[in-house]
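# Survey of secondary and tertiary structure
Spelled out, the chains give:
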Amino acid sequence: MTDNRKLTARQLAYNVLMKIQKENAFSNLSLNSALKNCGLEPRDKSFASALVYGVIERRITIDYILSLYLSKPLKKMKPEPLTALRLGAYQILFSSAVPDSAAVNESVKLSKNNGFSYSSGLINAVLRKVSCGGLVFPSTDDRAYDLSIRYSCPQWLVEKWISEYGEENTLSVLIHSLDKKRVTVRANTLKTTVEKLKASLEAQGISCEYGRVKNSLDIELSGAAIEGLSEFKNGLFHVQGIPSQLCAAAVGAEEGEVVFDLCAAPGGKTFTIAQMMKNKGLIRAFDIYEKRVRLIADGAEKLGISIIETGVVDASVFEPSLGLADRVLCDVPCSGLGIISKKPEIKYKDENELAELPDIQLSILENASEYVKSGGRLVYSTCTLSKAENEGVCERFLKQHSEFVAVSPFENPEKECFATFFPDEHNSDGFFVAAFERKDIQ
């Protein structure tokens, strides 16, 4: 690894990609760690970030094209030259700002600077062929395979979505998984209005549009960091996608009520619910890890919310001492298949890793139901697109708990009781929300 004085954006991206591959590390954590005190200019940091996420996001497509010009399978290549090839191919195929010659030459330079100069000739030859051949896709009789390559998504996942949601919805998910969206934020109505927030951001040259739900804005930062905005530092808004805001609305909390949020960290839905309650009542927000609980408390303080009590609680274990609530939200741990546009490495999970999730989710939902008062509401949500984790869990719950009935999550229902949101609906994430009410026993 080069020292900071010689570090380039491409070298940093190479280092991070190698760490992710060798240690199975999270991309965001690895990249953030590498960017700290790296000595690069902001523009180079942005370029390095684009390279890391771009290679991860487009890896299946890149590997398909590289395989057209390699004499041996990619699985037999050493990770170092393969990473350099992927970086070069990404720049050639998907980065219009980088000349092909620069992408080739800089990838060759990586091989010489990182101890695999033996591959420099191969890297040079293959990337020149990629440059000449351009972006090409297969056209076979296997529709799932063709979509997998074109949209860089594992074939098993494409097949799963086609089977569960149909090809039209699957195509929508795949297209949006590669689409760079605006950031959606919710105005903190305890401190400002969405109109005032929009005007304040636009005065700084930040492009804003009113979002698709009340008190939301879609903003375009053009390289600026959310954390650097004074409006963010002063708690005038928090980042939250439209489906998550709708999920918070589905809880239906009113002023003066008691609400439990069992899997609350980092706190976005908790904050929105508190604002909808006009900071009157009580929200008990829990998570299993102390560090994540602190994120909720810190966020609430910044936003000026005083009705949130935090605690370390295992959502799958009933704690009678907590008492009962009018409303309970359990946004359960899930496969995350609805947010692959934000966290592209999620789509490369082993299919077998997901098999045990529905049982865990059902356990949390059943436990959450124990906290619901007679006549109270229970909301279940995930950020995934998987019927086993969504409708399947809800149907199993209703079958085993006759004291609950499924209800529409929304006042003016656009959806059935089990509401699946596809990315094209709100230019956001894939999401699922369901609501239940405990029968009022007189």
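Quick notes on the rules
Residues numbered from 1 in each chain as written. Predicted model: local features only at pLDDT ≥ 70, side-chain atom pairs only at ≥ 80, totals over all residues. Heavy atoms only, no water. pLDDT = per-residue confidence, 0-100. Contact = heavy atoms within 4.5 Å. Phe/Tyr/Trp six-rings, centres within 6.5 Å; stacked < 30°, edge-to-face > 60°. Buried < 20%, exposed > 50% of the residue type's maximum accessible area, 1.4 Å probe, protein only. Lys NZ or Arg CZ within 6 Å of the ring centre and 35° of its normal. Salt bridge = Lys/Arg side-chain N within 4 Å of Asp/Glu carboxyl O. Helix = DSSP H or I, 4+ residues; strand = E, 2+ residues; numbered from the N terminus. Pairing = 2+ DSSP bridges. Axes fitted to C-alpha atoms, helices over the stretch in contact; angles between N-to-C directions. Core = buried A, V, L, I, M, F, W, Y, C linked by side-chain atoms within 4.5 Å. Expected span 1.5 Å × (residues − 1). Patch = residues over 30% accessible without salt bridge, like charges linked within 9 Å, V, L, I, M, F, W, Y side chains within 5 Å. Areas by Shrake-Rupley, 256 points an atom, 1.4 Å probe, with all protein chains shown as cover. Lys, Arg positive; Asp, Glu negative; His and termini not counted. Charge placed at Lys NZ, Arg CZ, Asp CG, Glu CD.

## Focus on the confidence of the model for the protein
- For the protein, the average pLDDT comes to 93, and 97% of its residues sit at 70 or higher.
- Below a pLDDT of 50 lies the segment residues 1–5, which in the model reaches five contacts outside its immediate sequence neighbourhood of four places, other chains included.

## Examining the packing of aromatic side chains
- The full count for this structure, using the stated rule, is 13 aromatic pairs.
- When the ring of Phe397 is compared with that of Phe404, the centres are 5.4 Å apart and the planes differ by 55 degrees; the resulting orientation is tilted. Each member of the pair, Phe397 together with Phe404, is buried.
- What links up through ring pairs into an aromatic cluster is the set Tyr380, Phe397, Phe404, Phe418, Phe432 and Phe436.
- When the ring centre of Tyr210 is taken as reference, the NZ or CZ atom of Lys198 above it lies at 5.2 Å.

## Concerning the pattern of salt bridges
- All told, the structure shown has 18 salt bridges when counted by the stated rule.
- Linking Lys109 and Glu106 is a salt bridge whose minimum nitrogen-to-oxygen distance equals 3.4 Å. Separated by three residues within a single helix, Lys109 and Glu106 lie in helix H6 (residues 100–113), roughly one turn from each other.
- Among the residues examined, Glu106 registers a relative accessible area of 24% and is labelled partly exposed.
- Notably, a salt bridge pairs Lys373 with Asp326, separated by 3.5 Å at the nearest N-O pair. Remark: Asp326 occurs in strand S8 (residues 325–331) and Lys373 occurs in strand S9 (residues 372–382); sequence separation between them is 47 residues.
- Connected through salt bridges with shared partners, the residues Glu255, Lys278 and Lys280 form a single ionic network.

## A look at the sheet that holds strand S1 (residues 183–187)
- Here four strands make up an open sheet; going across it, the order is S2-S3-S1-S4 and the pairing antiparallel. What marks the edges here is a single partner per strand, and that holds for strand S2 (207–210) and strand S4 (237–239). Averaged over all pairs of adjacent strands, the angle between strand axes in this sheet comes to 35 degrees, irrespective of strand direction.
- Pairing between S1 and strand S3 (residues 216–220): four bridges, direction antiparallel. Among the inter-strand pairings, Val185 is bridged to a residue of S3, identified as Leu217.

## Notes on the nonpolar core
- Ranked by size, the top nonpolar core spans 45 residues in total, and within it Leu12, Val52, Leu66 and Leu87 carry the most contacts.
- Elements with a contribution of two residues or more to this core: helix H1 (9–23), helix H2 (27–35), helix H3 (42–57), helix H4 (59–67), helix H5 (79–94), H6 and helix H7 (120–133).
- Residue contacts for Leu87: discarding those within four places in its chain leaves Arg10, Ala13, Tyr14, Leu17, Leu51, Val55, Ser107 and Leu110.

## So, helix H9 (residues 155–177)
- With 23 residues, H9 extends only 15 Å from end C-alpha to end C-alpha; this falls clearly short of the ideal 33 Å at 1.5 Å per step.
- Restricting attention to buried positions, one finds in H9 the residues Trp156, Leu157, Val158, Lys160, Trp161, Tyr165, Thr170, Ser172, Val173, Leu174, His176 and Ser177.
- Those residues of H9 that are buried are in contact with H3, helix H8 (143–150), strand S11 (418–421) and helix H17 (423–426).

## Some thoughts on the pairing of S8
- S8 sits mainly inside the fold: seven of its seven residues count as buried.
- For strand S5 (residues 258–261) and S8, the ladder comprises three bridges, and the chain directions are parallel. Residue pairing across strands places Phe260 opposite Val328, the latter belonging to S8.
- Looking at chain direction, S8 and S9 are connected through six bridges and run parallel. Across the sheet, residue Val328 finds its bridge partner in S9, namely Leu378.

## Let's talk about a negative patch on the surface
- Taken together, Asp141, Asp142, Glu159, Asp350, Glu351 and Glu353 make up a surface patch of like negative charges.
- Position of Asp350 relative to the elements: it lies in the loop between S8 and helix H15 (357–369).

## Looking at unusual backbone geometry
- Each neighbour pair has its own omega, and for Ala265 with Pro266 the value is 5 degrees, a cis peptide bond.
- As for its position among the elements, Pro266 is in the loop between S5 and helix H13 (268–276).
- Phi is positive for Ser152, which is not a glycine, with a value near 50 degrees.
- Position of Ser152 relative to the elements: it lies in the loop between H8 and H9.
- Not every positive phi belongs to a glycine, and Asn215 is a case in point at roughly 70 degrees.
- Mapping Asn215 onto the fold places it in the loop between S2 and S3.

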